[in-house]
Every structure is written in C-alpha cells, then in structure tokens.
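Survey of secondary and tertiary structure
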Amino acid sequence: MFFSQAGARPRMWEASPSEHKKWVEVFKACDEENKGCLSRENFKVAVVMLFGYKPSKIEADAVMSSVDPNTSGILLKEFLDIVRKKKEAQLYRNEIRHIFTAFDRHYRGYLTLEDFKKAFKQVAPKLSERIILEVFSWIQFANILLKIFVCVCVCVCTISKRPC
C-alpha cells in the first residue's frame, strides 16, 4: 500500500483478538506483584517481550510521565494503548521501508534524482514535477537516504495539502 492509499500518517490500527490476548498475557506476566499495574522496570521487560528491544531511558521517562500520578504504575488500559501505538508506528515504518525498497531498484540504499521522480510519479502522480525538483533541491546531496526519503514524503504530502 502506497502513501496515496495509506495517507501520510499512520492510521488507527486494531489488534487481532489473539494479539490483544498476547498483550494482556505479557502485562500479567510482567505484573509480578499482581497490583494491576506495571512499574517502570516491568514496563521495559514487557516491551522487550513484545518488540524485542529495551526501551531507552527517554522512552521510559516519556511513558512514565504520562501515567496517572494517583496510580503506582501503568494500568492495563494504558499499557494496551501504548502497545497499540507502538505497533502502529512499527507497521508504518515497515510500510515506508517497503516503499523505499521498491523504488531502490538497484539496491544501493539511496535514490537518485531519476529514482526520486519515478517514485513520486507512482506515489503522488498529481504532484507537479516542479515541486518534485524543488524538494530534491532542498536536499544538499544527490543521494536520498531512507530516513530523508520518509521525511520528504511526509513534508510533500503536508505542503501539497492532499493525501499522498
């Protein structure tokens, strides 16, 4: 699915019943004291179990700062919302990576101007070549890396004020 179909931002995604059940099981497994909430450390363990990486201090701080101060940790409802948002972001990044790879026909890890033009003709066919060239000229070097490609796609969709 390309940006023209998907929109420039991650859309609301719902977990399957089996995935939702897995998230609840992970929450319960990490709630060692059966208090109905996860401590900062237990949250980190849960993220490792679900996503395969340990959250950074900054990520853990952000999550913990959003927790209701009247509770002693992250409640199940909050945890499920956090996991859903992380999963949405993960799927969105994977979709963008897939799109980038499809346009990187020579497997170089970057797009040339010609690759860039072809990509936008497929992703946003109504976008004028002038805008595509302007966007490309904003970049100080001729090869567009994946992260820059992602940012440019989102910016162009925002600037043109139409779904990409």
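Residues numbered from 1 in each chain as written. Predicted model: local features only at pLDDT ≥ 70, side-chain atom pairs only at ≥ 80, totals over all residues. Heavy atoms only, no water.

A few points about the packing of helix α2 (residues 17–30) against helix α5 (residues 76–103)
The condition that has to hold: Note on geometry: axes are lines fitted to C-alpha atoms, helical ones only across the stretch in contact, with angles between N-to-C directions running from 0 to 180 degrees. A run of DSSP states H or I qualifies as a helix once it reaches four residues; a run of E qualifies as a strand once it reaches two. Both are numbered from the N-terminal end. Should an angle lie under 35 degrees it is considered roughly parallel, over 145 roughly antiparallel, and from 65 to 115 roughly perpendicular; all remaining angles are considered oblique. Crossing handedness is defined as follows: a turn of the near helix away from the far one that is anticlockwise and smaller than a right angle gives a left-handed crossing, while the clockwise case is right-handed. What makes two residues a contact is simply this: any of their non-hydrogen atoms within 4.5 Å. Under the convention adopted here, Pro, Cys and the residues Ala, Val, Leu, Ile, Met, Phe, Trp and Tyr are nonpolar, Asp, Glu, Lys and Arg are charged, and Gly plus all remaining residues are polar.
At a minimum axis separation of 10 Å, α2 and α5 run at an interaxial angle of 125°. Considered as vectors, α2 and α5 are oriented oblique to each other. Viewed along their axes, α2 and α5 form a crossing whose handedness is right-handed. The segment α2 lies against α5, with Glu19, His20, Trp23, Val24, Val26 and Phe27 engaging Leu76, Phe79, Leu80, Val83, Arg84 and Lys87. For the contact of α2 with α5, the per-class residue count stands at 8 nonpolar, 1 polar and 3 charged.

Looking at the UniProt feature "domain: EF-hand" (unreviewed entry) in the protein
Definition in use: UniProt positions are given in the numbering used here, feature names are shortened, and annotations may be inferred rather than shown by experiment.
Taking the UniProt record as the reference, the feature "domain: EF-hand" (unreviewed entry) is found at residues 18–53 and 91–126. What you have in residues 18–53 is 69% helix and 6% strand, and the ends, taken at the C-alpha atoms, are 22 Å apart. A helix fraction of 67% and a strand fraction of 0% characterise residues 91–126, whose end C-alpha atoms lie 26 Å from each other.

Re the packing of aromatic side chains
Here is the rule: Two aromatic rings, drawn from Phe, Tyr or Trp (for Trp, its six-membered ring), form a pair once their centres lie within 6.5 Å of each other, and the interplanar angle then sorts them: stacked below 30 degrees, edge-to-face above 60, tilted otherwise. Relative accessible area decides the class of each residue, using a 1.4 Å probe on protein chains only: under 20% of the type maximum gives buried, over 50% gives exposed, and in between gives partly exposed. A positively charged side chain is recorded as over a ring if its NZ (Lys) or CZ (Arg) lies within 6 Å of the ring centre. The angle to the ring normal must also be within 35 degrees.
Scanning the entire structure with this criterion turns up 2 aromatic pairs. With a centroid separation of 5.5 Å and 50° between ring planes, the pair formed by Phe27 and Phe79 is classed as tilted. Here the residue Phe27 occupies a position in helix α2, and Phe79 occupies one in helix α5, the gap between them amounting to 52 residues. Here Phe27 and Phe79 have matching classes, each one buried. For the cation-ring pair, Lys86 lies above Phe51, with the distance from its terminal atom to the ring centre recorded as 5.4 Å.

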